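Residues per chain, in single letters:
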Amino acid sequence: MPEETLRITDNRTGKAYELPISQGTVRAIDLRQIKTDSSDFGLMTYDPAFLNTASCQSSITFIDGDRGILRYRGYSIDELAEKCNFLEVAYLLLFGELPAPGELKEWEHNITHHTMIHENLKKFMEGFRFDAHPMGMFVSSVAALSTFYPEARDIKSQANRRMQVMRLIGKVPTIAAYAYRHSLGLPYVYPDNSLTYAANFMNMLWKMTEAKYDANPVLARALEILFILHADHEQNCSTNTMRCVGSAHSDPYLSVAAAASALAGPLHGGANEEVLRMLDEIGDAKNIPSFIDKVKRGECKLMGFGHRVYKNYDPRAKIIKQTAEAVFKVTGFNPKLETAIALEQVALKDEYFVARKLYPNVDFYSGIIYQAMGFTPDIFTVLFAIPRTVGWLAQWNELVEDPEQKIARPRQIYTGHALRKCEEANTAAHTQAAKG
Ligand code: MLT
């Protein structure tokens, strides 16, 4: 008998059951034995939006939402953001350990040598309308990569998976930059393998007629930090999508495209765009009290505050706030930052927000930094998708190697009609019900 158990009495039958508890969890399938009689399907759990369901065992990212802790493979996010570059963190997330110097050199070489995309994919991207949203272009182009690498379907081979992982991490900044340039009507810029991951991305975004693009080192480092902070966040909506699509053994390009589609939603990756809109609406810091009153009356939302898992300050928001200060020293003062800081101070002291544990989240400051760096808001979600591709792939690898995982297939509680007959469809009662 396991040491920790849960004793359940089914009051419908009077029967008692003893379920094992492991890692603070009972297995939902253990409830299936609880039946009223042999024809009963057995007890299920009902958990809309998976508020209290662990769908996997994972050793990648640890979050303690009450204490505001985020760790990748056991390392605190603060230390990684301070001491590592993005590709080191990507290696850590994917392979479990920080790379030794030789491993890092080889890894960086492999990624930077997979940054080019096929000319046909470039042509494919040229076909988008001039005003296509960059996220739509990103999602479709990542999915199109699947047609260039049909061998990616062999997901059982570890070596093959590693190759697709390198390709994807190398190519997503190129696709993102091409989508951005396309939306501005600018010619595409080919990757430069001699630059770091972030500096090369900036080169592809902003190079004009100069022979060599010189990324500002403070801004390139800020972008690396933002990439590190966004790389993984355990079973969020897009990662859950990656795992769900991956569980059907779709290839990683299609699975990443599906995950990116989930990220495109305003409730997920699009939230920082909404924060900027809110700050624009508030305008001056003197308008904050009346805005807060409107929030309390339920007339609008305080964007960038509160998080599904953090009931404390989002640890990423703290780091982003510090990064913002470094960025503004280069780009100059931004009045939105002043409004944001004033809004944060008011909200953190207000009993209404304190009682609801509404603290700033990762989106609160990231949009302001991106805008100061010269990005337009419609590219923000693409900037999130670049580093999150690493997290999606790390989670996908873990899923593929997990012997307990099967194709994802939740159950439902059916609330529709019992068996009906077509001949009865047009009876008076039916027509009346349809009219309401
Ligand atoms: C994320 O980083 O994915 C977001 O904070 C959303 C989440 O974790 O639920």
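Residues numbered from 1 in each chain as written. Predicted model: local features only at pLDDT ≥ 70, side-chain atom pairs only at ≥ 80, totals over all residues. Heavy atoms only, no water.

Side note on the pattern of salt bridges
Where charged atoms of side chains with opposite charge meet at close range, the side chains can pair.
So, step 1. Per the counting criterion, the structure on display carries 19 salt bridges.
So, step 2. Lysine 122 is the partner of glutamate 119 in a salt bridge, and the nearest nitrogen-oxygen pair spans 3.4 Å. Taken together, the residues glutamate 119 and lysine 122, both in helix α4 (residues 119-126) and three residues apart, mark about one turn of the helix.
So, step 3. Among the ionic pairs, arginine 167 bridges to glutamate 151, the shortest N-O distance being 2.9 Å. With arginine 167 in helix α6 (residues 158-184) and glutamate 151 in the loop between α5 (134-148) and α6, this pair connects stretches of sequence that are 16 residues apart.
So, step 4. A residue is classified by how much of its surface remains accessible, and arginine 167, at 13% relative accessible area, is buried.
So, step 5. Bridged by salt links that share partners, the residues Glu273, Glu274 and Arg277 form one connected network. (Salt bridge = Lys/Arg side-chain N within 4 Å of Asp/Glu carboxyl O. Helix = DSSP H or I, 4+ residues; strand = E, 2+ residues; numbered from the N terminus. Buried < 20%, exposed > 50% of the residue type's maximum accessible area, 1.4 Å probe, protein only.)

A few points about the environment of cysteine 244
So, step 1. Position of cysteine 244 relative to the elements: it lies in helix α9 (residues 237-246).
So, step 2. C-alpha separation for the pair cysteine 244 and lysine 406, spaced 162 residues apart in sequence, amounts to 9.6 Å.

Quick word on the packing of aromatic side chains
Each aromatic ring pair is characterised by the separation of its centres together with the angle its planes make.
So, step 1. Summed over all chains, the structure comprises 17 aromatic pairs.
So, step 2. When the ring of tyrosine 91 is compared with that of phenylalanine 95, the centres are 4.8 Å apart and the planes differ by 65°; the resulting orientation is edge-to-face. Placement of both tyrosine 91 and phenylalanine 95 in helix α2 (residues 86-95) is noted, with a separation of four residues, approximately one turn of the helix.
So, step 3. With centroids separated by 4.9 Å and ring planes inclined at 80°, the aromatic side chains of phenylalanine 364 and tyrosine 365 adopt a geometry described as edge-to-face.
So, step 4. Linked through ring pairs, Tyr180, Trp206, Tyr370, Phe375 and Phe380 together constitute an aromatic cluster.
So, step 5. Here arginine 356 stacks its cationic end above the ring of tyrosine 352, 3.7 Å away from the centre of that ring. (Phe/Tyr/Trp six-rings, centres within 6.5 Å; stacked < 30°, edge-to-face > 60°. Lys NZ or Arg CZ within 6 Å of the ring centre and 35° of its normal.)

Re unusual backbone geometry
So, step 1. Here the phi dihedral of glutamine 23 falls at roughly 50°; this positive angle occurs in a residue that is not glycine.
So, step 2. Checked against the element boundaries, glutamine 23 lands in the loop between β2 (15-20) and β3 (61-64).
So, step 3. In this structure glutamine 23 comes out as exposed when scored by relative accessible area, which is 67%.
So, step 4. At alanine 49, a position not held by glycine, the phi torsion is positive, near 65°.

Quick notes on the site of the ligand
So, step 1. Taken together, His233, Asn236, His268, His307, Arg316, Phe384 and Arg388 make up all the residues around the ligand.
So, step 2. Contact between the ligand and histidine 307: an oxygen atom at 2.7 Å from a side-chain N or O atom of the residue.
So, step 3. Protein contact buries 83% of the 260 Å² of open area that the ligand shows by itself.
So, step 4. The residue makeup of the shell around the ligand, split by class, is one nonpolar, four polar and two charged. (Near = heavy atom within 4 Å. Polar contact = N/O pair within 3.5 Å; in protein donor to acceptor, adjacent residues only side chain to side chain. Areas by Shrake-Rupley, 256 points an atom, 1.4 Å probe, with all protein chains shown as cover. Nonpolar A, V, L, I, M, F, W, Y, C, P; charged D, E, K, R; others polar.)

A short note on the pairing of β3
So, step 1. Pairing geometry for β3 and strand β4 (residues 69-72), over four bridges, is antiparallel. Residue pairing for β4: aspartate 64 is matched across the bridge by isoleucine 69.
So, step 2. In textbook terms, the turn of a hairpin is the stretch between consecutive antiparallel strands, and for β3 and β4 this stretch comprises four residues, one of which, glycine 68, has a positive phi near 65°. (Pairing = 2+ DSSP bridges.)

Brief notes about the environment of alanine 176
So, step 1. With respect to the helices and strands, alanine 176 occurs in helix α6.
So, step 2. Assessed through its relative accessible area of 0%, alanine 176 is described here as buried.
So, step 3. The spatial distance from the C-alpha of alanine 176 to the C-alpha of methionine 135 is 8.3 Å, given a sequence separation of 41 residues.
So, step 4. If sequence neighbours within four positions are ignored, alanine 176 has contacts with Phe138, Phe201, Ile379, Val382 and Ile386. (Contact = heavy atoms within 4.5 Å.)

Quick look at the pairing of β2
So, step 1. Bridge count between strand β1 (residues 5-10) and β2: six bridges; the pairing is antiparallel. By the bridge assignment, threonine 9 is partnered in β2 with alanine 16.
So, step 2. Where β1 hands over to β2, the hairpin turn is made up of four residues, of which glycine 14 adopts a positive phi near 80°.

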